[in-house]
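Read off the chains here:
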Amino acid sequence: MGSFIGHAYPGSIFLILAIWWTVQMLQKYFRCRKFGTEYVATVAHKSFALPRVPIEPILKIALITFGIIGEIIQGHYNNEFAPKNWHHATMFLFFGVSALVDMLVHYDFKIPKNVDYGIFILSIAVEGFLFFWHVHGREPVDIYVHKLLVFAIFLAFCATFAEMCYPYSILASLARPFFFFLKGSWFWQIGFTLYGPFPVASGDDHDQMMIAVFFTWHVAIIFLFMFGLGIVIFSLQNHGNGSGIGYTRVALSCNDEENVGLVEKEPQEEKNAAEL
């Protein structure tokens, strides 16, 4: 959509996914490290509260379906054909296919290894390809902000590919939500820059040069946010152990291959009383 909401909506989806991935990755990593097991990366992540419910695939499919419908309606409003809306809709479509594959993986369908990563990486590549050609015949400032978006998409592509190649590295895993944060926040920045209350004029060289500075500020803020989120999650997990509650090692969604988690022990006095 050539509008503020048309950039804010996909940006919000990427931000939501980035927050979800960051929390789930860090929780999994700290749990695995606590019990001496090996962290293993996955495309989609199960909820520790509801591990049997495919929360992430369902959320992706719902948001993407709404986005596709909105783009098609907006693109053909007043019987007009808008190729730019079809760029957005096609981007959503490929991520929707990836979400369906995530659903199959969640329910343990027998599919080849890393097919979920392959489809997801393909979705990011298609997104970058579409937005590379998204700026044909547009104003210089419009081209500039979309070039930076393509740069962020390329970094997300590289990060996801690295995560697939190094599944035991938490740093490789966290690079994916980092650059999805960057994509999402920059979609919002594009909306404000082009369609906000104070849009940047095409002939204003000063403001256009500042756009590159804004991009680096996005990077810095995202790093600080993720770093702070990691400290909070680490502190909360350690605080649970210091509260006087006993825990034992059990199987509970640490990795698909080696599930580890925490479950509360029954106090010894209550156990002895129950036996008597």
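Note that this is a predicted model, so its numbers are computed, not measured.

A. Layout of the overall build of the protein chain. Within the protein chain, the secondary structure is distributed over eight helices and two strands. Its helices and strands taken in sequence order, the protein chain reads α-α-α-α-α-α-α-β-β-α from the N to the C terminus. Expressed as a percentage of contacts within the protein chain between residues at least 6 apart in sequence, the contacts between residues at least 24 apart total 71%. Split by element, the accessible area of the protein chain, about 14,800 Å² in all, is 69% carbon and sulfur.

B. Representation of the packing of aromatic side chains in the model. Scanning the model with the defined rule gives 23 aromatic pairs in all. Between Phe14 and Phe95, the aromatic rings sit 5.8 Å apart at their centres with planes inclined by 65°, giving edge-to-face as the arrangement. Taken together, the positions of Phe14 in helix H1 (residues 4–34) and Phe95 in helix H3 (residues 83–106) put the pair 81 residues apart, joining distant regions of the chain. Each member of the pair, Phe14 as well as Phe95, is classed as buried. Put simply, the rings of Phe14, Trp21, Phe95, Phe120, Phe131, Phe180 and Phe187 touch in pairs and so form one group of aromatic residues. Residue placement shows Arg31 over the ring face of Phe48; its charged tip is 4.3 Å from the ring centre. In this structure, Arg176 packs its charged tip against the face of Trp21, placed 4.3 Å from the ring centre.

C. View of the packing of H1 against helix H6 (residues 170–195). The geometry of H1 relative to H6 is characterised by a closest axis approach of 8 Å and an angle of 160° between their N-to-C directions. By the angle between their directions, the pair H1 and H6 is classed as roughly antiparallel. Relative to H6, H1 is oriented so that their crossing is left-handed. Classifying every residue of the contact of H1 with H6 gives 21 nonpolar, eight polar and two charged.

D. Examining a nonpolar patch on the surface more closely. A grouping of Leu104, Tyr107, Phe109 and Ile111 is seen on the molecular surface, where their side chains present a nonpolar patch of about 370 Å² in accessible area. Residue position: Phe109 is located in the loop between H3 and helix H4 (115–132).

E. Quick look at H1. End to end, H1 covers 45 Å across 31 residues, agreeing with the expected 45 Å (1.5 Å per residue, within 8%). Near the N-terminus of H1, the side chain that reaches the backbone nitrogen of Gly6, with its oxygen 3.2 Å away, is that of Ser3. Gly36 sits one or two positions beyond H1 and adopts a positive phi of about 70°.

Here is what the cut-offs are and how they apply
- Residues numbered from 1 in each chain as written.
- Predicted model: local features only at pLDDT ≥ 70, side-chain atom pairs only at ≥ 80, totals over all residues.
- Heavy atoms only, no water.
- Helix = DSSP H or I, 4+ residues; strand = E, 2+ residues; numbered from the N terminus.
- Contact = heavy atoms within 4.5 Å.
- Areas by Shrake-Rupley, 256 points an atom, 1.4 Å probe, with all protein chains shown as cover.
- Phe/Tyr/Trp six-rings, centres within 6.5 Å; stacked < 30°, edge-to-face > 60°.
- Buried < 20%, exposed > 50% of the residue type's maximum accessible area, 1.4 Å probe, protein only.
- Lys NZ or Arg CZ within 6 Å of the ring centre and 35° of its normal.
- Axes fitted to C-alpha atoms, helices over the stretch in contact; angles between N-to-C directions.
- Parallel < 35°, antiparallel > 145°, perpendicular 65-115°, else oblique.
- Left-handed = near helix turned anticlockwise from the far one by under 90°.
- Nonpolar A, V, L, I, M, F, W, Y, C, P; charged D, E, K, R; others polar.
- Patch = residues over 30% accessible without salt bridge, like charges linked within 9 Å, V, L, I, M, F, W, Y side chains within 5 Å.
- Salt bridge = Lys/Arg side-chain N within 4 Å of Asp/Glu carboxyl O.
- Expected span 1.5 Å × (residues − 1).
- Polar contact = N/O pair within 3.5 Å; in protein donor to acceptor, adjacent residues only side chain to side chain.

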